[in-house]
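Geometric and topological summary
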Amino acid sequence: MSVQFKSTRGDKTLITASQAIVKGISGDGGLYVPCAIPKIDFELKKILEMSYKELAYEVLKLIISDFTEEELKYCIEKAYDSKFDTDLIAPLKTAGGEHFLELFHGKTLAFKDMALSILPYLLKTAAKKNGVNEKIVILTATSGDTGKAALEGFADVDDTKIIVFFPEDGVSPVQKRQMVTQTGKNTCVAGIKGNFDDAQTAVKQIFTDKKLNEELKSKGYIFSSANSINIGRLAPQIVYYFFAYAQMVKNGEINFGEKINFTVPTGNFGDILAGYYAKEMGLPVDKLICASNDNKVLYDFFKTGIYNINREFVVTSSPSMDILISSNLERLLYHICENTETVKSLMENLGSDKKYDFKVSSDYVIGEYASHKETFDAIKELYDKSGYIIDTHTAVAFAAYKKYKDKTKDETKNVVVSTASPYKFAKDVCRAIDSKYDSLDPFEALDILSDLWKEDIPKTIKGIDKREILHKTVIEKSEIKTFIQNYLH
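Everything in this summary refers to the structure shown in the same document. All values derive from a computational prediction rather than experimental measurement.

Things to note about the overall build of the protein chain
Counting its regular elements, the protein chain contains 19 helices and 15 strands. Taken over C-alpha atoms, the radius of gyration comes to 21 Å for the protein chain, in line with the 23 Å a tight globule of 489 residues would show. Overall size of the protein chain, expressed as C-alpha extent along the three principal axes, is 60 × 50 × 45 Å. Across the 489 residues of the protein chain, 62% fall into the buried class. Relative to all contacts within the protein chain whose residues are 6 or more apart in sequence, the contacts with residues 24 or more apart total 75%. Working note: accessible area of the protein chain is about 18,800 Å², and carbon and sulfur atoms make up 46% of it. Positive and negative charge centroids in the protein chain, built from 64 and 69 side chains respectively, lie 2 Å apart.

What follows is the structure in structure tokens.
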């Protein structure tokens, strides 16, 4: 059965998955959601026998249902190849009695590779299916990891350009160097004087700027997105929840059919929303624990029913989570209330009053958070206990899970979704392990971390501080639209 998509904000037009992938975001500012979340159409136990690629096909064919088998398998084969340093693609590791789903084995060392390795192929295929002749301009706001993964995926892809905006002072030194040294004739990177929310808001406004879109279409361009607002970015993330469950069974940690929890470090809400979709599709999930850092807007929302961004924006050691406007939460609100007028009203309130009230009735999405100290303590505790090292974002989730377990005494087996390699945040990870590293140079920290972990520095970032900086632009947040117009002209 073909799955159709509609806007969360009331546009009545129903479109296919391929059309949603090309458009990225609805013209009314809403996000595309499936009219009905499909259920898996195969015997769940078969996932125990599937490779990551095989599982990706069985899951994605249900969401991206207007692709042919040949088209979808082509995209999957191109995505999950030697770009990953392990045949498993997303291995599950056990350390200190806890389970960590490692999603950082792609080229940019972050979970964004899991989806952004396939999105360029999905987008090119979708454009061809829909007779799109214009060049596709990928507009991306990043809190650190999406930018590099998108640049890596779309660099030198024919008939595309990619423009990435990142907060100049809101990413780690390694994240920044990954982006500003990116090669590719079609790549453009700019730092902004502002935070991720500023960049994301500006990009969303550009998608709904009809005059600008018409102007650029007349010049042979259309916009699309590599952020998780694009269903083509979100859907591939569903796969690794099924894959994690299969590994838990095969490793003897659970019996088949037994429910498990996932704890997910959360900023823009896309990663944990993929877990929500996995559960709705038929995966035995009990709780999804939404882990926030000191910018705990999501924790407060799930606790009080009030989403309020009238608060201090905190720059933390987990910068990819330094977000106050969690875009994908809009999709969850729609799936809970199934009323586009309600969602539209809530988003309007967020724009005008910087807050809205909505009591989430879901009994399995739970909010928790971890402070800076709790995050650092979690890194050190796990290292001292097992020698295993986690990055600052994974540590937020690990610390939050421990708090959740202490409060609830929930003994359900849990998987911590590990979203980035510790090498991307080497200085803070080293500082957490031992305060003697407090004044360490961020790039020297790569060698120290390698010694502590007894793991080689990944080739993709080894010597990154010596690479030529190719993108040097820094702009005011108010200049984003003008910058895009000038670049494309």
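A few points about the layout of surface pockets
Quantified by volume, the largest pocket comes out at close to 730 Å³. Along the wall of the largest pocket there are 28 residues; nearest its centre are T201, I325, M347, L350 and G351. Those elements giving two or more residues to the lining of the largest pocket turn out to be helix 8 (196-207), helix 13 (329-337) and helix 14 (340-353). With 6 residues, the top contributor of residues to the lining of the largest pocket is helix 8. Split by residue class, the lining of the largest pocket holds 9 nonpolar, 9 polar and 10 charged. The volume enclosed by the second largest pocket comes to roughly 540 Å³. Taken together, 21 residues make up the lining of the second largest pocket; nearest its centre are K23, N213, K217, I222 and F223. Where the lining of the second largest pocket is concerned, the elements lending two or more residues are helix 1 (17-23), helix 9 (210-217) and strand 8 (221-225).

What to know about the packing of aromatic side chains
In this structure the tally under the stated criterion is 21 aromatic pairs. Pairing F100 with F398 gives two aromatic rings, centres 5.6 Å apart and planes at 70 degrees, and the pair type is edge-to-face. One end of the pair, F100, is in strand 4 (residues 98-102); the other, F398, is in helix 16 (residues 392-408), and 298 residues separate them in sequence. What makes F100 buried here is its relative accessible area of 0%. On the accessibility criterion, F398 (3% relative accessible area) is buried. Here Y276 and Y277 contribute two aromatic rings whose centre-to-centre distance is 6.3 Å and whose plane-to-plane angle is 50 degrees, an arrangement assigned as tilted. Y276 sits in the buried class, given a relative accessible area of 7%. Ring-pair connections join several aromatic residues into one group, and the members of that group are F100, Y388, F398, Y423 and W453. If you follow K279 out to its NZ or CZ, it ends over the ring of Y364, 4.5 Å from the centre. Across the ring face of F398, the terminal group of K402 is positioned such that the distance to the ring centre comes to 5.1 Å.

Overview of a negative patch on the surface
There is a patch of like negative charges on the surface, built from D441, E444, D447 and D451. Mapped onto the fold, D451 is located in helix 18 (residues 444-453).

A look at empty space enclosed by the protein
Applying the stated criterion across every chain yields a total of 4 cavities of 30 Å³ or more. The calculated volume of the largest cavity comes to roughly 260 Å³. As for the largest cavity, its lining consists of 24 residues, of which F111, K112, G267, N268 and S320 are closest to the centre. Of all elements in the fold, only helix 6 (145-154), helix 10 (231-250) and helix 11 (270-281) reach the threshold of two or more residues within the lining of the largest cavity.

About the thresholds
- Residues numbered from 1 in each chain as written.
- Predicted model: local features only at pLDDT ≥ 70, side-chain atom pairs only at ≥ 80, totals over all residues.
- Heavy atoms only, no water.
- Helix = DSSP H or I, 4+ residues; strand = E, 2+ residues; numbered from the N terminus.
- Rg over C-alpha atoms; globule rule 2.2 N^0.38 Å.
- Buried < 20%, exposed > 50% of the residue type's maximum accessible area, 1.4 Å probe, protein only.
- Contact = heavy atoms within 4.5 Å.
- Areas by Shrake-Rupley, 256 points an atom, 1.4 Å probe, with all protein chains shown as cover.
- Lys, Arg positive; Asp, Glu negative; His and termini not counted.
- Charge placed at Lys NZ, Arg CZ, Asp CG, Glu CD.
- 1 Å grid on protein atoms, 1.4 Å probe; cavity = no way out; pocket = protein on both sides within 12 Å on 5 of 7 lines; lining within 4 Å.
- Points joined across faces, edges and corners; volume = space filled by probe spheres on them.
- Nonpolar A, V, L, I, M, F, W, Y, C, P; charged D, E, K, R; others polar.
- Phe/Tyr/Trp six-rings, centres within 6.5 Å; stacked < 30°, edge-to-face > 60°.
- Lys NZ or Arg CZ within 6 Å of the ring centre and 35° of its normal.
- Patch = residues over 30% accessible without salt bridge, like charges linked within 9 Å, V, L, I, M, F, W, Y side chains within 5 Å.
- Salt bridge = Lys/Arg side-chain N within 4 Å of Asp/Glu carboxyl O.

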